[in-house]
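Now for the letters of each chain:
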Amino acid sequence: GQSLEQPSEVTAVEGAIVQINCTYQTSGFYGLSWYQQHDGGAPTFLSYNALDGLEETGRFSSFLSRSDSYGYLLLQELQMKDSASYFCAVREGRSSGAGSYQLTFGKGTKLSVIP
Amino acid sequence: DAMVIQNPRYQVTQFGKPVTLSCSQTLNHNVMYWYQQKSSQAPKLLFHYYDKDFNNEADTPDNFQSRRPNTSFCFLDIRSPGLGDAAMYLCATSRVGGGRAYEQYFGPGTRLTVT
């Protein structure tokens, strides 16, 4: 089976930097995604890491260490609109060697940005 | 704009009364997913269609069924809703074969209340 662990809540100040960690256990890891979900809204895709290292997209960056079964999402220059839940999601590999198109989501981290 | 649309956004049904939720997409994606999300929890995959092939998750109750009459539409049928089925139901799509199979596009969800 699969399990993902991420903190349930994080609070940070507007303009600061925050890191949301995700550790996972899975039998056939292929990649790690991050999704943002505002209250009452749909999850939206933020980033994906299949290889070790850092991926940067504007104010958001995502990191993966396959050997440590660990990743994180880094949000810089926090804005009030970044208050939302952030989910990490594991993509497993298939027997063919390709990646599965199914995702298993963590329970989410509720980020509160305060003035 | 290409998108995933869910109707209705809010649905109230009575205990045991069948209900159908609908999802449509203009993205021409080949995979469509149904997730159940309860408050402060991760989206839980119920089933998905890869083209016309139906894939049920092992722990999805028999009470939940799905239909995909064509590429654009997918329906979730709950045959006899119980109080425990009250949740947000999210429809998502992805394109397998285009190199970004890991990116899922979500609809705004249907919030189901069971009275």
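Throughout, residues of each chain are indexed from 1 in the direction in which the sequence is written. Just so you know, chain letters begin at A and ligand numbers begin at 1, following the order they were written in. Residues qualify for local features only when their pLDDT is at least 70, as the model is predicted, and side-chain atom pairs are given and counted only at 80 or more; totals for whole chains, interfaces and linings, by contrast, use all residues. The side-chain numbers reported here are obtained from all heavy atoms of the structure, hydrogens and water having been left aside.

Before we move on, could you go through the sheet that holds strand β3 (residues 19–25) of chain B and cite the residues and values that matter?
Residues and elements named next belong to chain B. What makes two strands pair is DSSP finding at least two bridges between them. Here a strand is any run of E in DSSP of at least two residues, a helix any run of H or I of at least four, and the numbering for each starts at the N terminus. One open sheet accounts for 4 strands, arranged β1-β3-β8-β7; its pairing is antiparallel. Across the chains shown, the open sheet's two edge strands, defined by having one partner strand only, are β1 (4–7) and β7 (64–67). Between one strand axis and the next, the sheet turns by 20 degrees as a mean value, whatever way the strands run. Pairing between β1 and β3: 4 bridges, direction antiparallel. By the bridge assignment for β3, V4 is matched with Q25. Lines fitted to the C-alpha atoms define the axes, with helices restricted to the stretch that makes contact. Angles between their N-to-C directions range from 0 to 180 degrees.

Before we move on, can you summarise the interface of chain B and chain A with the specific residues and values?
At the junction of the two partners, chain B supplies 24 residues and chain A supplies 16 residues. Buried area between chain B and chain A, summed over both chains or domains, comes out near 1,600 Å², and the portion from carbon and sulfur atoms is 62%. The salt bridge definition used is simple: a Lys or Arg side-chain nitrogen within 4 Å of an Asp or Glu carboxyl oxygen. Inspection of the chain B/chain A interface yields 0 salt bridges. Those elements that place two or more of their residues in the side of chain B that touches chain A are β4 (31–37), β5 (44–50) and β9 (87–94) of chain B. Broken down by element, the residue count for the side of chain B that touches chain A peaks at 4 residues, all from β4(B). Each residue belonging to the side of chain B that touches chain A can be placed in one class, and the counts come to 14 nonpolar, 6 polar and 4 charged. Contact definition: two residues touch when any of their heavy atoms are within 4.5 Å. Note on definitions: buried area is the accessible-area loss of two parts on being combined, 1.4 Å probe, summed for both. Each residue gets one of three labels, nonpolar for Ala, Val, Leu, Ile, Met, Phe, Trp, Tyr, Cys and Pro, charged for Asp, Glu, Lys and Arg, and polar for the others, Gly among them.

Account for the environment of F87(A), naming residues and giving values.
Following the sequence through the fold, F87(A) ends up in strand β9 (residues 84–93). For the pair formed by F87(A) and D52(A), sequence separation is 35 residues and the distance between their alpha carbons is 19 Å.

So what about the state of the cysteines? Which residues, and what values?
When two cysteine sulfur atoms are found within 2.5 Å, that pair is recorded as a disulfide. On inspection of all chains with the given rule, the structure shows 2 disulfides over all chains. Here C22(A) connects covalently by a disulfide to C88(A), the sulfurs 2.1 Å from one another. On the sign convention where negative means left-handed, the S-S torsion of about 75 degrees between C22(A) and C88(A) marks this disulfide as right-handed. With C22(A) in strand β3 (residues 18–25) and C88(A) in strand β9, the pair connects residues that are 66 residues apart, well separated along the chain. Just as C22(A) is buried, C88(A) falls in that class too. One disulfide bridge connects C23(B) with C91(B), the sulfur atoms lying 1.9 Å from each other. On the sign convention where negative is left-handed, the bridge of C23(B) and C91(B), at about -70 degrees about the S-S bond, is left-handed. One end of the pair, C23(B), is in strand β3; the other, C91(B), is in strand β9, with 68 residues separating them in the sequence. Only protein chains enter the accessibility calculation, which uses a 1.4 Å probe; a residue whose area is less than 20% of its type maximum is buried, one above 50% is exposed, and one in between is partly exposed.

Summarise the pairing of strand β2 (residues 9–13) of chain A; cite the residues concerned and give the values.
One face of the sheet, then the other: side chains in a regular strand alternate in exactly this way. Residues and elements named next belong to chain A. Only one face of β2 is covered, namely the one carrying V10 and A12; the face carrying E9, T11 and V13 has none of its residues buried. Pairing between β2 and strand β11 (residues 109–114): 5 bridges, direction parallel. Looking at β11, one finds that A12 is bridged to V113.

An account of the nonpolar core is requested, with residue identities and associated values reported.
Residue and element names in this part refer to chain A. Grouping buried Ala, Val, Leu, Ile, Met, Phe, Trp, Tyr and Cys residues that are joined through side-chain atoms within 4.5 Å yields what is termed a nonpolar core. Among the nonpolar cores identified, the biggest contains 22 residues, and L32, W34, L75, Y86 and L111 are the most heavily contacted of them. At the level of secondary structure, the elements contributing two or more residues to this core comprise β2, β3, β4 (29–37), β7 (60–65), β8 (70–75), β9 and β11. Among all residues touching L111, those that are not within four sequence positions of it are V10, A12, V18, L75, L78, D82, S83, A84 and Y86.

Tell me about unusual backbone geometry, and name the residues and values.
Trans is the common state for peptide bonds, and a negative phi is the common state for residues other than glycine. In this chain, N7(B) is followed by P8(B) through a cis amide linkage whose omega measures -10 degrees. With respect to the helices and strands, P8(B) occurs in the loop between β1 and β2 (10–13). Residue S69(A) is not a glycine yet carries a positive backbone phi of 50 degrees. Structurally, S69(A) is set in the loop between β7 and β8. Unlike most non-glycine residues, E77(A) shows phi in positive territory, near 45 degrees. Take E77(A): it is sitting in the loop between β8 and β9. E77(A) sits in the exposed class, given a relative accessible area of 54%.

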